[in-house]
Structure formats: structure tokens, C-alpha cells
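# Close look at the chain arrangement
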Amino acid sequence: MATNMTMPQLGESVTEGTISKWLVAPGDKVTKYEPIAEVMTDKVSAEIPSSYTGTIQALLVKEEDTVSVGTAICSIEEEGSSQEAKPSETPKQVDVEPKVEANEESTTDQRQRYSPAVLRLSQDYGINLANVTGSGKGGRITRKDVEAYRVQGGVEKPQQSVENEVSVEQSVTKSNDTQSVSLASGEDERIPVSGVRKAIATNMVKSKTEAPHAWTMIEVDVTNLVKVRQGLKDSFKEKEGFSLTYLPFFMKACVEALKEFPEVNAQWAGDAIIRKKDIHLSMAVATEDALFVPVIKHADELTVKGLAKRTNDLAKKVRTGQLKSDDMTGGTFTINNTGSFGSILSQPIINTPQAAILSVESIVKRPVVLDTEAGEVIAIRHMVNLCLSLDHRVLDGLICGKFLQAIKTKLEAINETTSVY
């Protein structure tokens, strides 16, 4: 008798998930904990493992369908649950050689059914997946196979030849069931909405319709911060093994200000405002086609170096598709590094149910009037805009103005004595 496997709960507040891709088909044999599907929720994109060892009987949910947690998504004939095989059936011998020989083409298709995590990893390392031998079911390539190929010296140059770039694009196309519809030259292109984009759209609409957004901005002179970071970045990279960017300095100033103004570290709960005891800093990380918001837990307990390491680790998880549901939950305040792509002004959408989100814009050189002992002078300074969107049900302009001013004061106080440890 077949056993139904249900949609698992991939996070404490997750109530539904979208099957973005099936990794198995009816008739496939699976082992317990082997990935069988890729699922997208409003929190995370993840591969879900089989709960049983056996044979896939039926897929009960179509790709791109969204179902509630607990809904049956597939049926599996558990190994040993069926009646004893009759002598004429000899299942073991039927499934070995004849099946492989008869379905060689389907095995090839299985190899090319790359997961997003494998694709992202191959692109990060510049690896042509056609050269990688898969150890998964039917020759399917896993993250471990890509890592092993890289360690064994099979890494190609990141900017390989045009032929390699084309092969990677073809792999993506083959693996993506939400391909754009190619039309004749001059016509519009219709692009089906992916599960990731649907989740983002749903969250953004919910935030904008439920939370009355207000917006404020402050400019900060970070000339000293630029000098400090410039003087530390080479030795830091050599010692720690990863780069020291500006973002951890902004994070540090932000979480210190949140401790001074706990009203900002809060959320709306209908008949109450909940001020969160812990400071769990959400950080927006964008990929080519999606936006993820992993969380740095207890960010107020970390140094600049600690924040830099957690930022680096989480960004790497996003790029390689290794984020877990726990990495995406519990955030109390969000910081968004829009300056990384040159933005100088933005109005971010609040990451509900949080009460506010801060965007750190690009650091730019500008002429600024300074008050000195000799009088007013014009100097070239490194300036940055900090943009705050707030839920006006929870926060008002006065407290948010003080919050931004506290961040400004902390950033402008950075000097050569400031330690990142």
C-alpha cells in the first residue's frame, strides 16, 4: 500500500509552499532523506527530502502549485510494504540492467535536471556541468559532486569561453520550467511568473496594503569610516580570509541604535505593539531573479568582524542555494544595502511584520560646507544617505528621527582608534 508524503513546514510561521520543481517521477526509486522536490515558501527556497525509502507511485501536486502545510504531495510505495514478490516477478533483476539499457535517454535527462543550488554553485566556480559526473539518482548532479569536481582541480576560469557560457545558459533553460515564451522579432515576450517571484509579489503587496508606510532620510559624513576601512581591508582579508566591506560598520551602528531605541525593534500585532527583546537583523540579499532576507541572530552581541563574517556566510549560502528555513526566520529589523548597486536614494518596502527597514545608499564624494575654527570651508567629503521606511501604526517621525540621528552620530565618530574586533 502506498503512503502519502505531505508538504512539510519549512519554518515556524510558514503555512504553505509552492512546488517549484519535482526531482523525481512516478516509478523512480528513492531512499529516505534523498531530495525529491524543490519548494519555495515566503521564507526560503529549499529541497525537501523523502520521508521514506521506496518507489514513487504518483505526484499529487503539479509544479508551480501552492498547497498548505500537511497537504499530500506524492505517494510512495514503501520498501517492504508490498506483498512478497512472486518468483516470476524477480524485481531486483528486472530493475538493474534492462531498465538502464532501455531508458538510457531518460537517465541523460535526469542528469540535466539540475537544481537551482547546483546551477548557482557551478556559475560561482565557472564549472561546466557537462563535465561533472553525478552521484545522485539516475546520474543526477548534486552540490557535493560540484564541490568534489572543484576540489579535484576541475574548476574552469570564471570567465570561460563563450561556448561555456552558452552551455550553462542551456542547462538553465533545460532545468527551468518557467521559460520565457520566445516570439517573433519585434513582438512582446511573455514570461510566466516563477514561484520565487510569486512569493516576493505576495509579500510586497501585503506589506504595502496593510502597513501605512512613512519615509524619512538622513545624510551622514562617513569620510573617517572610508579611511578606517581603507586602512584595514588588506590586513583583514589576509587574516580572516574574507573581505571587510562597509556594511558591517553600518550594521554595528544600527544595532547599537536599536538598543537605545527599542521602540523601532518592534512589530504591529493588531491590538498591541510587540517590542522584541532580541535584535535579529535581517539583511536583504538579491540574486539575478530573486530576493532573500536571511537573518543575523543576536546581532547586537557581535563585533564588526562578527557581523562581517555572518554577512559573508549568509550571502554565500544564498549564492549556493544552501539557506535553511532557520536562516530566514526571526528577523526583527531589516537593513538593505542598496548602495551596492549605485543607488543614492530609495524608499524600501517594510519586511512585515517588522516595523521598519533601513536602506544604506551608495557612498559618494560631494562638496560639503564645514564649520572650522578658521570659519566655514568647502571640502570634498564621503557622504551617504540612510533611508528609513516605517510602519506608522507602530512608529512616528520623532522617534525615527532620533533613531537615525543616533546612527549618524555613531558612524561619524568612527576614527583610527575604532576596533573591528
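It should be noted that the structure appears before, not after, this text.
Residues numbered from 1 in each chain as written. Predicted model: local features only at pLDDT ≥ 70, side-chain atom pairs only at ≥ 80, totals over all residues. Heavy atoms only, no water.

This part is about the sheet that holds strand β6 (residues 54-59). Taken together, the four strands give an open sheet; going across it, the order is β1-β8-β6-β3, and neighbouring strands pair in antiparallel fashion. Each edge of the sheet is formed by a strand with only one pairing partner; in this case those strands are β1 (2-6) and β3 (29-30). As paired strands, β3 and β6 are joined by two bridges and run antiparallel to one another. Across the sheet, residue Lys29 finds its bridge partner in β6, namely Thr55. (Pairing = 2+ DSSP bridges. Helix = DSSP H or I, 4+ residues; strand = E, 2+ residues; numbered from the N terminus.)

It is worth spelling out the environment of His280 at this point. Its location among the elements puts His280 in the loop between β11 (273-275) and β12 (281-283). C-alpha of His280 to C-alpha of Ile296: the two residues are 16 residues apart in sequence and 5.6 Å apart in space. If near-sequence neighbours (up to four positions away) are discounted, His280 is found in contact with Val295, Ile296, Lys297, His298, Gly330, Gly331, Thr332 and Phe333. Of note is the side chain of His280, whose polar atom sits 2.9 Å from the backbone nitrogen of His298. (Contact = heavy atoms within 4.5 Å. Polar contact = N/O pair within 3.5 Å; in protein donor to acceptor, adjacent residues only side chain to side chain.)

Moving on, we come to the pattern of salt bridges. Taken as a whole and judged by the stated rule, the model has 10 salt bridges. Its salt-bridge partner being Glu219, residue Arg366 comes within 2.5 Å of it at the nearest N-O pair. Pair noted here: Arg366 is in strand β18 (residues 364-372) and Glu219 is in strand β9 (residues 213-221), with a separation of 147 residues, a long-range link. Overall, Arg366 belongs to the partly exposed group, its relative accessible area being 30%. Between Asp327 and Lys317 there is a salt bridge, with its nearest N and O atoms 3.1 Å apart. Remark: Lys317 occurs in helix α10 (residues 304-320) and Asp327 occurs in the loop between α10 and β16 (333-336); sequence separation between them is 10 residues. (Salt bridge = Lys/Arg side-chain N within 4 Å of Asp/Glu carboxyl O. Buried < 20%, exposed > 50% of the residue type's maximum accessible area, 1.4 Å probe, protein only.)

Taken as a whole, this structure holds three aromatic pairs when the rule is applied. Residues Phe333 and Phe403 carry aromatic rings whose centres are separated by 5.7 Å and whose planes lie at 70 degrees to one another, so their mutual orientation is edge-to-face. Separated by 70 residues along the polypeptide, Phe333 in strand β16 and Phe403 in helix α11 (residues 397-412) bring together distant segments of the chain. Here the aromatic residues Phe236, Phe242 and Tyr421 are joined through ring pairs into a cluster of three or more. In this structure, Arg229 packs its charged tip against the face of Tyr246, placed 4.7 Å from the ring centre. (Phe/Tyr/Trp six-rings, centres within 6.5 Å; stacked < 30°, edge-to-face > 60°. Lys NZ or Arg CZ within 6 Å of the ring centre and 35° of its normal.)

Here the focus is the packing of helix α9 (residues 247-260) against α11. The interhelical angle for the contact between α9 and α11, taken along N-to-C directions, is 135 degrees, at an axis separation of 9 Å. On the basis of their axis angle, the class for α9 and α11 is oblique. When the axes of α9 and α11 are compared, the crossing they make is right-handed. Residues Phe249, Phe250, Ala253, Cys254, Glu256, Ala257, Leu258 and Glu260 of α9 lie in contact with α11, whose contacting residues are Phe403, Ala406, Ile407, Lys410 and Leu411. (Axes fitted to C-alpha atoms, helices over the stretch in contact; angles between N-to-C directions. Parallel < 35°, antiparallel > 145°, perpendicular 65-115°, else oblique. Left-handed = near helix turned anticlockwise from the far one by under 90°.)

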